[in-house]
Structures are given as structure tokens and as C-alpha cells.
Amino acid sequence: MTSTVPTAVHDEQHEAQASPPITMFGPDFPYAYDDYLAHPAGLGQIPATEHGSEVAVIGGGLSGIIAAYELMKMGLKPVVYEADQIGGRLRTVGFEGCDAEGDSGPLTAEMGAMRFPPSSTAFQHYIDLVGLETKPFPNPLAPETPSTVVDLKGESHYAVTVDDLPQVYRDVMNAWNACLEEGADFSDMNQAMRERDVPRIREIWAKLVEKLDNQTFYGFLCESEAFKSFKHREIFGQVGFGTGGWDTDFPNSILEILRVVYTEADDHHRGIVGGSQQLPLRLWEREPEKIVHWAQGTSLSSLHNGEPRPAVTRMHRTAGNRITVTDATGDISTYRAAVFTAQSWMLLSKIECDDSLFPIDHWTAMERTHYMESSKLFVPVDRPFWLDKAVDDEGNETGRDVMSMTLTDRMTRGTYLLDDGPDKPAVICLSYTWCDDSLKWLPLSANERMEVMLKSLGEIYPKVDIRRHIIGNPVTVSWENEPYFMGAFKANLPGHYRYQRRLFTHFMQDRLPEDKRGLFLAGDDISWTAGWAEGAVQTALNAVWGVMNLFGGATDATNPGPGDVYDEIAPVELPED
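These numbers come from a predicted model, not from an experiment.

Thresholds, definitions, all that
Counting starts from 1 at the beginning of each chain's written sequence and moves along it residue by residue. Reporting of local features is limited, given that this is a predicted model, to residues whose pLDDT is at least 70; pairs of side-chain atoms are given and counted only at 80 or more, and all residues count toward the totals for whole chains, interfaces and linings. Water and hydrogen atoms were dropped before computing side-chain values, which therefore reflect all heavy atoms in the structure. Whether two strands pair comes down to DSSP finding at least two bridges between them. Runs of H or I in DSSP of at least four residues are treated as helices and runs of E of at least two as strands, each being numbered from the N terminus. Interaxial angle, 0 to 180 degrees, is taken between N-to-C directions of lines fitted to C-alpha atoms, where a helix line uses only the stretch in contact. Any carboxyl oxygen of Asp or Glu that lies within 4 Å of a side-chain nitrogen of Lys or Arg is treated as forming a salt bridge with it. Summary of the burial criterion: residues with accessible area below 20% of their type's maximum are buried, those above 50% are exposed, and those between are partly exposed, where the area comes from a 1.4 Å probe applied to protein chains only.

## Side note on the sheet that holds strand β15 (residues 352-353)
Backbone-to-backbone hydrogen bonds pair the strands of a sheet. The strands run either parallel or antiparallel.
For step 1, the next point in the chain: Ordered in space as β13-β12-β11-β15, the 4 strands form an open sheet in which the pairing is mixed. The open sheet is flanked by β13 (332-335) and β15, the only strands paired with a single partner.
For step 2, the next point in the chain: Of the pairings in the sheet, the one linking strand β11 (residues 312-318) to strand β12 (residues 322-327) comprises 6 bridges and is antiparallel in character. The residue bridging V312 from the neighbouring strand is D327, located in β12.

Structure, rendered in C-alpha cells:
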């Protein structure tokens, strides 16, 4: 979904390496999920005697809907439970008091995921499958962004490209590139991932995992000769390069950051025209052309009479190693297999669980999961007034936009300007913040937040009256305060690699005690790339393979699944003694 982590700004040598492209192939588990999905043989099949068997899918976010969709195609009957609404953190909302429309329909705001990298190739498979369109997202200094303002310590700099910024910002950019080269073999890993050179990826990454698992992002910077200057680290933390500041990630494991920069997860972003929630909603209604057991015209929606089951309130194991699920209406159902895709903290608090559901080491890993807070606030406006040209005190046009995509150390931190073209209604994300910056907004209502944000932006753009362009009520979210999420996404702290490995590899259940099988974890928070939709897709496909295997199924020999090749590409295993 989204992260504060910006990709390194590559020099010309890196940019020249245009082919083959970077994808989210590794580094932890270099498996070609995109090829697996594209193969005409499909994801696998189960014995005909198992057709129609029910499988619980808990959570109707992207991971849950994809898992349910693919299990349905195999001839199983997914039973989806959803506490809130289909989509999870793919949540697109409208504005009260505003019926204005742009080219792509009514004005909307992306409360969760709003920008997606082309390297998310498994995710892109489903975008293409349901016929959605994407367009460039206006990140700071991106080619499609008209202009960017960097405002630090009361001083603002206007830029169309990085070359327009003062030299110190380019020094910081160069320091980051040098830091990645000297500390993380960036060029070598970049090339290995482009070429899908599995042995080389594993060789580089194994050394780095062993060396860096105990290191914070900030500590990694401090140990670099390139970042000896505190001033450079401070600027980097506040504005970064790519999508914004890095400082909210500074306490996290450097391995989390390297996964993002290696895979270009925070580069070349695109938004989904009409809103990201359309993807799970379209998959929910989609009638697959190739489907086993079920009649043509079957969809997830038709299997559920239009609505998923309500929230799960209890899960426990019953005789025969079954998973018994109780929902909010008191309905009790028992399954041979279940896929849990909600955030793992739900198992600690919102859902009554038996200890026997998972091995104790997996419970420990879930308890240790670290989540990032995140908040946003959007307002609808009458037109993209920010493209008006500024004038100086004498009334002469300066050639600059009156307002720009803004990075600042003020409360707003990141402000994004979203439009469908001139003279059409548009949307401003007044503030997009993380962690401590998100917690600063938590006690305030949407209108109170907006007032503070308008004051902050008024100090940067004293001649711009944003308020007079607002045509509807603000919408806001603080993911740490959402009852079924309790945070935006997982971000490992130093020393958490072993926990992450336990959760990601949980789909390989032949390695678990027999009485701990049948319940599969999925969702982006158990993926290596949490916060990105690709991680939700990949773990869903792992769980689908696991369920297929549990029911005695198999993949086609020409299209091995992630579990079939697991031993060849298994994530690095660090000693625990």
C-alpha cells in the first residue's frame, strides 16, 4: 500500500539500466509470482472429491479477496468474513456536502493505499484482470508533478526538478546513494534482481541479513562515511527523496528500508483512476472464465448472496484438527482450512482465540509485530487553483505555480495536489503523516485538523486563500484508531527478522506439528514488504498454495508454486541459540 520510504534517486548509470525492469522479486524469497499468475496452466488443482469444500477466509481486504477468488476458481467454496467493508486498507471514500465530479466520476479520497509502483507486478496482474486504469501519482519532484516546495525551518524552496533545489539537498541525495552502495551493495543487488539471478540475490542478502538485522535505519546512516553530517541526516529525515521524509522510519530495521529501495517500491508511482477500492470490489463481483466445479457465472458475491459474513469473534480448534469460527451474529461454522488475512494483532485482542491455533513461536512473532501509525486528511476544492501563476508585489507573473506539492517540517508534513485537469473539481490531501506526526493529530476532529493544516500552509503560502476554494467537508483517518486495524502496516524493528520469517513461512505447514495445521496466515503484515499491496497479493498466493496442498492438490509440473520450490529459495535462517 503506501510508505514514507523514498527510493534512492539513481544516477545516470542506474537509470540507463532500463531493461529488464525491477520487480518485487526478492530479496527474501525470490519467487516469480507474476509468472505463476500468468501461466496458462493456472495455480493448481485439487481432487474432484474435495470440490465444494468450504474454506474460511477471515478478512475482506485485498489479500482475503484474492485468496477467496483463487480458491473459488479451484473448486473450493470460500466463506469470507469481513468486520467492516470489502477492501481493507484499499478504502476509497467520497465527500459529504459535495456532488462535484471530475473526469473519472465523483471526487474521492484514498484513505489507505493511494500510490502503487510498477514493480508490483503480481498486483498489476489483478489490476489488468478487472480492467482498471492507472495514472502517474504526483509525488514530490516526480516528472508529472508540476512543482514541489520544500519548506524547512521557515525557509521555502520552489523546484520543478531536484536541480532547482539548493546544493545541500543534492548533497543529501548523493550521500544516500553513496550510503546504499557502501553499506548495502545496491548496484549489485539491483542488477541481480533485474536479471532474477536467484543465487546472487541470496548470496548478497544472506550476508546483509546476518550483518544488519540488529541495526536501525538511523544507525545505518550514522555508520556511513557519506552521512557523517548531522545536518545532512536531519534534512534527509525531514524531506528525503521520492515521497517524503524518512525520520518516521529511523527507528525501524534497516532491512525494511533496503527491501523497499532494492525493489523500487517507492518509485514511479501510479494511482488507480476512480479509486483503489474498486479492485477488491470488482474481484468480489467478477465471474471467472476458467473455473472448476462451479457453474459459469459464479462469483464470490453470488456464493455469499451478495454480502460477506460478519466479523469473527472467536476461533478455536475442534476434534479432527478443524478450525471452528464464531461470528458476530453467534453463527458457528467449522472448517478443515481457514485463511486469516486481517492484521495479526486482531488475534491478540478483538478475536477470542485458543492458544492451540498456532505454535508458541508464531504467537510470539505476532505479539512482537510493530505497526506504523498513519493519518490523512483530504478536502474537495472547486478547481486546481494551484496551477494559477504567482505574481510578485508589483503584480508581475513570476512563472511559478501559486501552490505546490509540499514537504515541510510543519504539522502538515506532506501535502498532495490531485486533479483531473484544469477547471474541474479537484482534491487536496492537506496532510499525510506517520508515527509521532500522526499521533499529534489523534485528539482532533476532522475540522479541527483542517484548521491547523490551513494555518500551517498559510505560513508557507501567505498569498493563497485555500479555504475559499473548499466545496465540501474534510474526510480524515487515523489508522491507529481504526478498530479493525490498530495501525497502518507492519514495520519491523531491529532484531525482528526471525519473527518475520516465522510468519511469512507459515504457509509451509508440512513443517508444523500436525495439530497446528489448517489455519494459514496471509495479508501484507506477514509479508516482507508490508505497506505495499504486492505483499498482500504474494501472501494470499502462498496461502492458496498451502490450502491446495492441504486438500491433496498439486500444481502443474510446468508451473511450480511457491511451496514447490520453497527449499531452493527459502528465506535466510538466522540461528536462535
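## Examining the sheet that holds strand β17 (residues 374-381)
For step 1, the next point in the chain: The strand order across the open sheet built from 7 strands is β9-β8-β20-β21-β22-β17-β23, with neighbouring strands paired in mixed fashion. In this open sheet, the two edge strands, each paired with only one partner strand, are β9 (155-159) and β23 (475-478). Taking each pair of neighbouring strands and ignoring which way they run, the sheet shows an average axis angle of 15°.
For step 2, the next point in the chain: Bridge count for strand β8 (residues 148-152) against strand β20 (residues 405-408) is 4 bridges, and the pairing is parallel. Looking across to β20, one finds that V150 is bridged to L407.

## A few points about the pattern of salt bridges
For step 1, the next point in the chain: Across all of its chains, the model carries 35 salt bridges by this definition.
For step 2, the next point in the chain: Residue E225 pairs with K228 through a salt bridge whose shortest N-O separation is 3.3 Å. No difference in accessibility class separates E225 from K228, as the two residues are exposed.
For step 3, the next point in the chain: Linking R383 and D388 is a salt bridge whose minimum nitrogen-to-oxygen distance equals 2.8 Å.
For step 4, the next point in the chain: Given a relative accessible area of 30%, D388 falls into the partly exposed group.
For step 5, the next point in the chain: Several salt bridges share partner residues, and in doing so they unite D28, E256, R259 and K490 into one network.

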